[in-house]
Every structure is written in C-alpha cells, then in structure tokens.
Amino acid sequence: MGQRVTLKDVAARAGVTTATVSYVLNDKKSISGQTKRRVLAAIDELGYVPDLSARTLSMSQRSSRLIGVVVPQTEPGSRLMFQNNFYSEILGSIELHARQHGYHIIISATDVGESYLTLAQERNLDGIIVIGMYPDEFYRQMKKTQIPIVLIDSYCNDHYYHNVRIDDAYGSYLATCHLLECGHRHIAFFSGLLKENGVMKKRLSGYQDALKEHGLCFDPAYVFEGSIDYESGMSSARRMLAAALPATAVVAAADILAIGAMKGFYENGIRVPDDISVMGFDDLEISQYLTPGLSTVKQQISLKGERAMELLLHNIADPALTKQEQILPVSLVERGSVRRIAP
C-alpha cells in the first residue's frame, strides 16, 4: 500500500497552492471554474481522501461531526460491551441515528477513574453520550469540556447534564410483585455491584418496596451480589443453593443474570419453572428464544439510544438548552419461566 495522498500532492498535480485546494474542498472562496475543475480532476486522479481528523484539530471552531459514546467497564477486567447484548443494542441505535444526521461516533470503554477529558478535547467532539454510572470526579471533569452531554441510565443529579433513563426501582417492583401475585413468598434477588445511587441499587429498592407492600420482611441473606454477566448469574444460583434457602423464585436485575442463573440451576438438577421461578429485567431479544422463555421487565433499549441522540443534537443546535430529563416506560412480559404456586 502506498503512502497517503496529501493536500500538497493534489496541489502539485493541479498546479495550484495548497490554500487553493483547501478553498475548493471547503467551498470557502470564489475560485474560477477552470481552476476548480483542475483541482477536482487531480483529486479524482490521485484518489485523495481528506483527513477529517486533522482538519478538525486544525480548525477547532468548526463542527467535527463526531459524537463520543462512553461505555462503562465497571468491574476490573470486565468487557461489558461484548458480554451484554444490552450494549450492542443501545450502541447500534445511537450509531444509526447519528449517521442519519451526518455524524459519526467514537466509542470508548472507560475504566473507573480514567479521564475522558483529554480525548474529548483532542478530537473536538461535538457532543457526548455517557452510558451508566461513574464516580463523582468523572462528572466534575466532564463539565470542564463545556460540550453538550447526555447521560443514559444515570442518577447523577448535576444540573449540567441531560438524562434519558427508566424508573429502575419501579421496574424491579413490577417484577417482584408479579412473583408475589403468583404465590411466591421467598424470593431471592440477583444483582450486579450495588453501588450507591446506581441502577442496581435502585432495582434492589424496588424489590424491597414490593416485599414491604405485601407485608414481608426484607432479608439480606436473599440478596446475591456479583457482576453483570452470565457467569455471575450461574455463580449466584450455586451460592443460593449452597445456602439452602427456601427460595421458590428469583428476581434477577438483568436478563443476562437471569439466563446465567437458569443454566446454574439446570446444572444442579433444579428445573425452571417447576422447581424455581425466574424473572429477568431488560427483555433482551434472546429472552424470548430460551426454553422456557424468560419472563422479564421490558425496557425499550433502542429507544433509549434514539432519544439520547435526539436530545444531544437538540443541544448541539441550541447551546442554551436547559437540562432535559426523559424517563421511558417499562412493562411486564410474561413467558414460561414463572409458575403459580399455592399460597
């Protein structure tokens, strides 16, 4: 492969200055038709492709047409973006709607404590979408960019940021109430890391609210905390069985945990839903193809990405836009992983 064709190469072929080539590319100055044709012919002959990144950095006042998307790596060594279909669905939605409006996205899987400020400034990002929760310092740094930012699935209360999310506590409340209404009284809760003011903690809160409403006491022994991946779901199932709890049902705070749990139970001779019922949360596409199908709480994952992109574009067009928060609905999806039991 030869070296990249440069602006100077085009100028030399067309017999003009590099400034003239730049004017033609950006349609910034009145250039004679003959000169313009010569430059365009040279571009075509040489196969010149403008270096958009370099142009952005050297002309920082112009739009880069780049949107940054931050995906969490919340546990050491984890690869959430590849392990959980939630991220592929939401990223696909963001990319589609960005592209439809002439933007491209840069995805960064950011570890806890890693600064995103440098990348945002170096690439002259027009806007940023941040998925998930981060330490307070991360949000303090991000404000310094003065770039429009939309958070997804965050309970950060800083008024600088727009937010798109669901009512996580209510979703978990719905899942737990469904099991209670089916006659279950001993219900375990499988979750990812329970961080203060995070999504998992909100979903635990909804579980607790449902128990309280039905006159049942919350028992921490029924809570199994881990990572948000299949292996953690399997591990939580094994730990619950080892604890010999009289649980007849599980509320999993994510479908990926529920699916792992179902496999963990199966490998230990426990059948779903005959021996234990399982509820998920998300309604990933795969949930309907399991045997039995996974009963779950549906959130509109693609719509989250679409709404976040729409809100970000609105803010890019109107820098004075005040904080916007959109809370999307959730609903119960009944399949085959839950059975009714006698009271």
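Now for a quick tour of the structure. Residue positions within a chain follow its written sequence, with the count starting from 1. Where local features are concerned, this predicted model is filtered to residues with pLDDT of at least 70; where side-chain atom pairs are given and counted, the filter is 80 or more; whole-chain, interface and lining totals use all residues. Side-chain numbers come from the whole structure's heavy atoms, not from hydrogens or water.

**Remarks on helix α11 (residues 230-242)**
1) Next: The end-to-end C-alpha distance of α11 is 19 Å, a good match for the 18 Å that 13 residues give at a rise of 1.5 Å each.
2) Next: Here the term buried applies to any residue with accessible area under 20% of the maximum for its type, exposed to any over 50%, and partly exposed to those in between, with areas from a 1.4 Å probe on protein chains only. Per the convention used, a helix needs a DSSP run of H or I reaching at least four residues, while a strand needs a run of E reaching at least two, with both numbered from the N terminus. Buried within α11 we find Ser232, Gly233, Met234, Ser236, Ala237 and Met240.
3) Next: Contacts are residue-level and defined by heavy atoms, with any inter-residue pair within 4.5 Å sufficient. For α11, the elements touching its buried residues are β6 (187-191), β7 (223-225), β8 (249-252) and α12 (255-267).
4) Next: Downstream of α11 by one or two residues, alanine 244 has phi in the positive range, about 55°. Expected helix span is taken as 1.5 Å per residue step, with the number of steps being one fewer than the number of residues.

**Section: the pattern of salt bridges**
1) Next: Within this document, salt bridges are pairs made up of a side-chain nitrogen of Lys or Arg and a carboxyl oxygen of Asp or Glu, the two lying within 4 Å of each other. Going through the model one piece at a time under the given rule, you end up with 14 salt bridges.
2) Next: Among the ionic pairs, glutamate 267 bridges to lysine 263, the shortest N-O distance being 3.1 Å. Of this pair, glutamate 267 and lysine 263 both sit in helix α12, separated by four residues, roughly a single helical turn.
3) Next: Take lysine 263: its relative accessible area is 44%, and that puts it in the partly exposed class.
4) Next: Between lysine 298 and aspartate 283 there is a salt bridge, with its nearest N and O atoms 3.3 Å apart. Of this pair, lysine 298 sits in strand β10 (residues 296-299) while aspartate 283 sits in the loop between β9 (277-279) and β10, and the two are 15 residues apart along the sequence.
5) Next: Exposure remark for aspartate 283: the relative accessible area of 13% places this residue in the buried category.
6) Next: What you see here is one network of salt bridges that share partners, running through Arg271, Asp274 and Asp275.

**Let's talk about the environment of histidine 101**
1) Next: Following the sequence through the fold, histidine 101 ends up in the loop between α6 (85-100) and β2 (104-111).
2) Next: C-alpha of histidine 101 to C-alpha of glutamate 310: the two residues are 209 residues apart in sequence and 9.7 Å apart in space.
3) Next: Discounting chain neighbours no more than four positions away, the residues touching histidine 101 are Arg65 and Leu313.
4) Next: For this analysis, a polar contact is any N or O atom pair within 3.5 Å, provided that within protein one partner can donate a hydrogen and the other can accept it, and provided that sequence-adjacent residues contribute only side-chain to side-chain pairs. Of the polar contacts made by the side chain of histidine 101, one reaches the backbone oxygen of histidine 97; its length is 2.9 Å.

**Comments concerning the side chain of serine 277**
1) Next: Checked against the element boundaries, serine 277 lands in strand β9.
2) Next: The exposure class assigned to serine 277 is buried, which follows from its relative accessible area of 0%.
3) Next: A distance of 3.4 Å separates the side chain of serine 277 from the side chain of histidine 184, its partner in a polar contact.
4) Next: Setting aside chain neighbours within four positions, we find serine 277 in contact with Leu179, His184, Thr248, Ala249, Val250, Ser337, Val338 and Arg339.

**Things to note about the nonpolar core**
1) Next: Take the buried residues of types Ala, Val, Leu, Ile, Met, Phe, Trp, Tyr and Cys, join any two whose side-chain atoms come within 4.5 Å, and each joined set is a nonpolar core. In this structure, Ile94, Ile129, Ile131, Ala188, Phe190, Met240 and Phe265 are the most contacted members of the largest nonpolar core, which totals 73 residues.
2) Next: Per-element tally for this core: the top contributor is α12, with seven residues.
3) Next: Apart from residues lying up to four places away in sequence, methionine 240 is in contact with Ala188, Phe190, Phe224, Leu245, Ala247, Val250, Phe265 and Ile276.
4) Next: Residues Tyr116, Ala120, Val130 and Met142 belong to the second largest nonpolar core, which totals 17 residues.

**Overview of the packing of helix α1 (residues 7-14) against helix α2 (residues 18-26)**
Any two packed helices are characterised by the angle at which their axes cross and by the distance between the axes.
1) Next: The contact between α1 and α2 brings their axes to 8 Å, and the two run at 100°. With respect to α2, the element α1 is oriented roughly perpendicular. Seen from α1, the contacting residues are Leu7, Lys8, Val10 and Ala11; seen from α2, they are Thr18, Val21, Ser22 and Leu25.
2) Next: Gly counts as polar in this scheme, as do all residues outside two lists: the nonpolar Ala, Val, Leu, Ile, Met, Phe, Trp, Tyr, Cys and Pro, and the charged Asp, Glu, Lys and Arg. Class assignment for the residues of the contact of α1 with α2 results in five nonpolar, two polar and one charged. Interaxial angles span 0 to 180 degrees and are taken between N-to-C directions of axes, which are lines fitted to C-alpha atoms, for helices over the stretch in contact. Our angle categories are set so that under 35 degrees counts as roughly parallel, over 145 as roughly antiparallel, 65 to 115 as roughly perpendicular, and the remainder as oblique.

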